[in-house]
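Results of the structural survey
Residues per chain are reported as follows:
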Amino acid sequence: MAHPLLHTLGPTIDKSLLVVLVDVSTSVQTISSFLRAVLAQAAATCNWEIIEYNTEARRVCTFTNSSEKVLLAIQGFHQIPASSDGGPNLAAALNMASSVVLKAPPLANIAVIIITGSQLSPSVSIPYNNLRQWLIPPPAIFVVTVGPLPMEGTVRSSLPGARYFRLQNYPTLLPYLFTAMGSGNTAELMDISFSQLPCALQRFTDPVSLAVTIRPHSVLGTVPTIVEKERHFAEISAEIKSRIQGRTPGTSRAVLVFFESRETLLNYYRLEQINFVTPFNILTETANEKEKRDLIKMASRPEQVTLLTRCFGRGTDFISYSSTVNANGGVHVIQTFLSEERSEEVQIIGRTARQGQEGSFSMVLLDEDLEKYDLRAPEIKGIRDSGIYHDTLDKHRNAFFDRTYEENTRFIGVALAEHNNSLEFVNSLFTANLASVRTFLGERNKKPVVVNSRTIVLMDATGSMSSLLQKVKNTVGTMFERAMAILEENSCNRNCFQLQFVVYRDYDCGVDDVLQTSSWTSNPVELRDFMDKIVAKGGADWEEAVELGLWHANEEAKKMPISQVILIADAPAKTVAQITDYRNSYGGEGMWCRSKFGAATHWEEQALALNSRGVHVHCFYIDNRVAENFGKIAAVGGGQCALLNVNAASGADDLTNCVTQVILGDVGHQSGKGDTFIEQYKLKYHL
């Protein structure tokens, strides 16, 4: 069975360094033998650097495991001269440790464990400072003394900030010590006699007690909490109450809580402030300069909880000047969302453990926010089961970044073309080129004389659909250009069709955000401006409120003739039972009935009504699991159903071709040309 130390450090393979300074003099030979046995067991999973020093022979030697995963190593044997005051040569060992850790990559997890059987010399403070000075955040330092004499005073004076442990029965207790060092409850051990340590550790039943790293303030040292929407705020409050407790009974730390948006922050404040005796401080981008200075200064005081928006996660110095906070674990930072870029997360982590101080960090994440990273319930369960949190989150975050980067690059091309057209227009104004001015203004303000076709493009805008929304924004101009080109080739009015973009979410988003619509237009710029304001969010479960999007289409059909609905989504429609449950859970049936949506409805009812009005519902699913449900909707709605893999390499082009052909098909039938326009489109664009 693997040693508990492996459970503590094992998952930190890629960026971890454990430096153990071991006194191998006669008095502690048993410990040295024990550590060698642990290292042999750990060779396949951890990166190690072991520096042995001998207080009798005054020499330092090093050895490492044979694993290829060793991060840094010093080979060979090193003679160390005696210290001037005759004390143990721990100072030399610390200097060697400094030379190791200073070569570590940025943000590596570094812990230094000093196990000694001799009194510390004052000379150790200089290399100790060298060890901690240049690393941000600095390594976690643990000092374990062996023998009957307490040395806490010497440790505190020589190695300020180090955590002190005293072992009297070390062969039995050392394994428990290593496990405890990975615990969020490590602070409690400061007041526990190590002769009682095994019993004391039984209290640490929280999963955090097997954290993935020793260093308490590293993101890799915490297991993120991922919860559903109805528990998210309560879990944040529980985390605050847990983390604000100091090591010493009756003392308090300071807690910073970072939110993704001001809206979420204020919602949390309104619902949860009542559960706290001390008022929260709120720091958002709307604060003036004086308010910012005052709130930042107050944020690191004992018992203070400050709620902040993400913009204060960069460049804001929350250094603590409180001796109470500094002696009890420092400032704790809670991040309530997953950053789209790791660099932002690193900056938020850096708001604690300032200038060599202690600090800690944890995350409380909302499960539906992870949908945009392609993390749904099955993937989240897999993360929990495997215990591999950070690597999995980073993998999905990097994939999201790659997709977003590709779409942003495409949009830059679209924006550049529009920019060049605008520059040409300005130049035409200055040169009095009236023909060019008329053309530019006419293209952007032309209104259809006769509208033959109106199409609603209905899209799921929950968290997992960010890629689709970005692609629609980037390709809407191309859709119009291609459709208009085919119409002009057939001597048809190029503005004879209109589109309306409609996005729907789920009932957890509330009456205001569950459905958003653009105006009817033949101008792609107006639709792009609408999409700029749309944010992928919400989606408390897999099924979404498709019925409300179809309801809206029926409402529009009552006002004017519309031809078709193009439904694009990666999740199925809700069942009748789910609709009832969600309306009751989010606002109550009475609230929804009083809203514009009225009484509960179902997709089948709305699709039948549309079909009876001659409005066809075409369904395009992004996830194969939705095929059955969308097939039923298309059958009832009299439309087609097909897979549209917008996440593929050709996703943007596939989306453009899909929507444009459906539009041209309807315009062709309304104009008596049948499928002629579609065939011409395929020929022209090599499909």
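Only a predicted model underlies this, so the values are computations on that prediction, with no experimental measurement involved.

Right, let's talk about the overall build of the protein for a bit. The number of helices and strands found in the protein is 25 helices and 19 strands. Scored against the burial criterion, the 687 residues of the protein give a buried share of 56%. Long-range pairs, those at least 24 residues apart, make up 72% of the contacts in the protein between residues at least 6 apart in sequence. For the protein, the accessible area works out to roughly 29,300 Å², and carbon and sulfur atoms hold 53% of it.

Glancing now at the confidence of the model for the protein. Counting all residues, the mean pLDDT for the protein is 76, and 68% of those residues have values of 70 or more. Within the model, pLDDT remains below 50 along residues 34-88, and this stretch shows 153 contacts once partners closer than five positions in the same chain are excluded. Predicted confidence for residues 169-221 stays below pLDDT 50, and this span has 124 contacts to residues more than four positions away or in other chains.

On to helix α22 (residues 603-612), then. Within the sequence span of α22, burial applies to W603, Q606, A607 and L610. For α22, the arc enclosing every buried residue in end-on projection is 100 degrees, short of the 170-degree limit, so these residues lie on one face. Packed against the buried residues of α22 are α19 (546-559), β17 (564-569), β18 (616-621) and α23 (627-637). Just beyond α22, the residue with positive phi is G614, at close to 80 degrees.

Our focus in this paragraph is unusual backbone geometry. Despite not being glycine, E303 has its phi angle at roughly 70 degrees, a positive value. The backbone of H686 shows a phi angle near 55 degrees, a positive value even though the residue is not glycine. Looking at the secondary structure, you find H686 in the segment after α25 (676-684).

Attention now moves to the sheet that holds strand β10 (residues 281-283). Spatially, the six strands line up as an open sheet ordered β8-β13-β12-β9-β11-β10, and their pairing is parallel. In this open sheet, the two edge strands, each paired with only one partner strand, are β8 (225-227) and β10. Here the strands of the sheet are splayed against their neighbours by 20 degrees on average, with no regard to which way each runs. As defined by bridge partners, β10 adjoins strand β11 (residues 305-309) across three bridges and the pair is classed as parallel. Among the inter-strand pairings, L283 is bridged to a residue of β11, identified as L308.

Glancing now at the side chain of S467. Counting through the fold element by element, S467 comes out in helix α16 (residues 466-489). With relative accessibility at 11%, the residue S467 sits in the buried group. Not counting chain neighbours up to four residues away, the residues in contact with S467 comprise R403 and N647.

One way to put it is that α22 packs onto α23 with a least axis distance of 8 Å and a crossing angle of 35 degrees. Residues W603, E604, A607, L608 and N611 of α22 form the contact with α23, whose own contacting residues are N629, K632, I633, V636 and G637.

Quick look at the packing of aromatic side chains now. Inspection of every chain in the model, using the stated rule, returns 13 aromatic pairs. Seen from their ring centres, F259 and Y268 are 5.4 Å apart, and the 40 degrees between their planes marks the pair as tilted. The class for F259 is buried, based on a relative accessible area of 0%. Assessed through its relative accessible area of 0%, Y268 is described here as buried. Here F425 and F440 contribute two aromatic rings whose centre-to-centre distance is 4.3 Å and whose plane-to-plane angle is 15 degrees, an arrangement assigned as stacked. With F425 in helix α14 (residues 390-430) and F440 in helix α15 (residues 434-445), this pair connects stretches of sequence that are 15 residues apart.

Turning our attention to the environment of A353. Tracing the backbone through its elements, the reader meets A353 in the loop between α12 (342-349) and β13 (359-366). A relative accessible area of 7% places A353 in the buried class.

For the rest of this paragraph, the subject is the sheet that holds strand β16 (residues 515-517). Here six strands make up an open sheet; going across it, the order is β16-β15-β14-β17-β18-β19 and the pairing mixed. Among the strands making up the open sheet, the edge pair consists of β16 and β19 (638-643). Averaged over all neighbouring strand pairs, the angle between strand axes comes to 15 degrees, with direction disregarded. In this sheet, β19 lies alongside β18 in parallel orientation, the contact comprising four bridges. Each residue of the ladder has a partner; that of C619, found in β19, is C641.

The next thing to look at is the environment of S453. By secondary structure assignment, the location of S453 is in strand β14 (residues 453-460). In this structure, the C-alpha to C-alpha distance between S453 and G665, residues 212 residues apart in sequence, is 9.9 Å. Among all residues touching S453, those that are not within four sequence positions of it are C496, F497, Q498, S563, D666 and V667.

Moving on, we get to the packing of α19 against α22. Put simply, α19 and α22 touch, their axes get as near as 9 Å, and they point 25 degrees apart. What the angle tells us is that α19 and α22 run roughly parallel. Where α19 crosses over α22, the two elements pack in a sense that is left-handed. Contact with α19, carried on its side by E547, L550, W551, A553 and N554, involves W603, Q606, A607, A609 and L610 of α22 and no other residues of that element. Classifying every residue of the contact of α19 with α22 gives seven nonpolar, two polar and one charged.

Before going further, it helps to examine the nonpolar core. Within the largest apolar cluster, 40 residues are counted, with the highest numbers of intra-cluster contacts made by M459, L468, F501, I568 and L655. At ten residues, α16 tops the list of elements feeding residues into this core. Leaving out residues up to four positions away in the same chain, L468 has contacts with M459, D460, I568, I622, V646 and L655. One finds I456, L567, Y586 and L610 within the second-largest nonpolar core, a separate group that totals 37 residues.

Attention shifts here to the pattern of salt bridges. Overall, the coordinates contain 27 salt bridges when judged by the stated rule. Salt-bridge contacts for K372 lead to E340; the nearest nitrogen and oxygen are separated by 2.7 Å. With K372 in the loop between β13 and α13 (377-386) and E340 in the loop between β12 (331-335) and α12, this pair connects stretches of sequence that are 32 residues apart. By relative accessible area, E340 is classed as partly exposed at 33%. The partner of E628 in a salt bridge is K632, with the nearest N and O atoms 3.8 Å apart. Taken as a pair, E628 and K632 lie in helix α23 at a separation of four residues, close to a single helical turn. Taking the relative accessible area as the measure of exposure, E628 reaches 59% and is therefore exposed. The partly exposed category is assigned to K632, whose relative accessible area is 43%. Via salt bridges that share partners, R342, E345, D394 and R397 belong to a single interconnected network.

Thresholds, definitions, all that
- Residues numbered from 1 in each chain as written.
- Predicted model: local features only at pLDDT ≥ 70, side-chain atom pairs only at ≥ 80, totals over all residues.
- Heavy atoms only, no water.
- Helix = DSSP H or I, 4+ residues; strand = E, 2+ residues; numbered from the N terminus.
- Buried < 20%, exposed > 50% of the residue type's maximum accessible area, 1.4 Å probe, protein only.
- Contact = heavy atoms within 4.5 Å.
- Areas by Shrake-Rupley, 256 points an atom, 1.4 Å probe, with all protein chains shown as cover.
- pLDDT = per-residue confidence, 0-100.
- Arc of directions from axis to C-beta.
- Pairing = 2+ DSSP bridges.
- Axes fitted to C-alpha atoms, helices over the stretch in contact; angles between N-to-C directions.
- Phe/Tyr/Trp six-rings, centres within 6.5 Å; stacked < 30°, edge-to-face > 60°.
- Parallel < 35°, antiparallel > 145°, perpendicular 65-115°, else oblique.
- Left-handed = near helix turned anticlockwise from the far one by under 90°.
- Nonpolar A, V, L, I, M, F, W, Y, C, P; charged D, E, K, R; others polar.
- Core = buried A, V, L, I, M, F, W, Y, C linked by side-chain atoms within 4.5 Å.
- Salt bridge = Lys/Arg side-chain N within 4 Å of Asp/Glu carboxyl O.

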